Amino acid sequence: MKVTPVTYGESQRPPRGDYSVAREDYTCDQAWDSYTKEQHDLYVRLFARQLRLVRGRACEEFLRALGHLNMADSIPRFEQVSELLRRATGWQIDAVPGLIPEEAFFRLLSRRRFPVTVWLRTPEEFDYIVEPDLFHDLFGHVPLLFDPVFADYMQAYGQGGLKALRYNALELLARLYWYTVEFGLIDTPQGARVYGAGILSSPGELERALIDPTPLKIRFDLRRVLRTRYEIDDFQKTYFVIDDFGQLFGETAQDFAPIYQELLPLAPHPSDEVQPGDRLFADPAAKTI
Ligand code: HBI
Ligand code: FE
């Protein structure tokens, strides 16, 4: 299997991982027996730390799902997680060597299959890793696939991604993924809560995202998100806040073709500037975290 460089959002980097074992659809075997005791221990420490940090910060849907998943005591066998997931929302997780090309990624999502990276970060990367590893994918992404509406959004996103390839609108759609699935916030009666996997799996950003007044918090607007650049390897300068997952699903259910035609000729917005028409999210409860 040739190793094709994979663009992750807006930066091109050679992916980590052994792609020689990947099948045509870029999935591979998890090879669970190959994990060492040290790797299981590292995973358990990562999980325990994030579990402490998500309380009071992650949305209820995430916390509830985490309760279903007994993933805390060792690196789970993906097949066991898939069995629980299939029963809940018809999703499953598939092992992949790491980042995979957009088309393969979208195709898996469109079939309710979420790619989970088989390799785990090194102890030196305990606090920060740029590329998605097993812990980011499992802890950050998998629990919300238990939520029926979010699960439908993820499949609709995959279907939209396959269409975006035809309109050469990948960059726009990658921003939607980035500002929702990876770094999204959701409004709740207790104030903003986190649902984005990139925040949920990051100790630093999870402590900062809800209480640091510096980053912009803007109420979700599809066109605004599709036009807004993002930071790959730094804390986000802007977060978008959705009302609920139904809003997210509803936005994706429409035909994006006219939106792409409208937006593709326009310059992207920088990641750290308020734009005319932005509805800033004033978080009354932010101080009480
Ligand atoms: N591959 N394994 C994996 N995981 C991702 O999250 C992923 C990917 N390939 C492409 C990709 N994400 C991005 O381009 C999305 O933002 C579309
Ligand atoms: Fe991710």
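Just so it is clear, the model here is predicted, and its values are computed rather than measured.

### Remarks on the coordination of the iron ion (ligand 2)
Around the iron ion (ligand 2), the protein supplies His136 (NE2), His141 (NE2) and Glu182 (OE) as donor atoms, at distances of 1.9 to 2.1 Å. Counting gaps between the donor residues of the iron ion (ligand 2) yields the pattern H-x4-H-x40-E. Separated by 41 residues along the polypeptide, His141 in helix 5 (residues 134-141) and Glu182 in helix 7 (residues 170-182) bring together distant segments of the chain.

### Observations concerning the environment of Gln155
Mapped onto the elements of the fold, Gln155 is located in helix 6 (residues 148-166). Residue classification places Gln155 among the buried positions, given a relative accessible area of 19%. Between the C-alpha atom of Gln155 and that of Val142, which follows or precedes it by 13 residues, the distance is 13 Å.

### Looking at the pairing of strand 8 (residues 238-242)
In the case of a regular strand, side chains alternate between the two sheet surfaces. In terms of burial, strand 8 is largely enclosed, as five of its five residues are buried. Alternating residues of strand 8 divide into Thr238, Phe240 and Ile242 and Tyr239 and Val241, and every residue in both groups is buried. Bridging between strand 7 (residues 216-219) and strand 8 involves four bridges; their strand directions are parallel. Counterpart to Arg219 in the pairing with strand 8 is Val241. Assessed by its sense of winding, the connection that carries the chain from strand 7 through helix 10 (residues 222-227) to strand 8 is right-handed.

### What about the pairing of strand 3 (residues 92-96)?
Extensive coverage of strand 3 is indicated by the burial of five of its five residues. Side-chain alternation along strand 3 places Gln92, Asp94 and Val96 on one buried face and Ile93 and Ala95 on a second face that is also buried. As paired strands, strand 3 and strand 4 (residues 113-117) are joined by five bridges and run parallel to one another. Counterpart to Ile93 in the pairing with strand 4 is Phe114. Chirality of the crossover, the property in question, places the unit of strand 3, helix 4 (residues 102-110) and strand 4 among those that are right-handed.

### Notes on the sheet that holds strand 7
Reading across from one edge, 6-5-8-7 is the order of the four strands in this open sheet, with mixed pairing throughout. Only two strands of the sheet have a single neighbouring strand rather than two, namely strand 6 (191-194) and strand 7. Taken pair by pair, the neighbouring strands of this sheet meet at an average axis angle of 40°, ignoring direction. Of the pairings in the sheet, the one linking strand 5 (residues 185-188) to strand 6 comprises four bridges and is antiparallel in character. Among the inter-strand pairings, Ile186 is bridged to a residue of strand 6, identified as Arg193.

Conventions used here
- Residues numbered from 1 in each chain as written.
- Chains lettered and ligands numbered in written order.
- Predicted model: local features only at pLDDT ≥ 70, side-chain atom pairs only at ≥ 80, totals over all residues.
- Heavy atoms only, no water.
- Donors = N, O, S within 2.8 Å, 3.2 Å for Na, K, Ca; no water.
- Helix = DSSP H or I, 4+ residues; strand = E, 2+ residues; numbered from the N terminus.
- Buried < 20%, exposed > 50% of the residue type's maximum accessible area, 1.4 Å probe, protein only.
- Pairing = 2+ DSSP bridges.
- Right-handed = clockwise from strand over helix to strand, strands pointing away.
- Axes fitted to C-alpha atoms, helices over the stretch in contact; angles between N-to-C directions.

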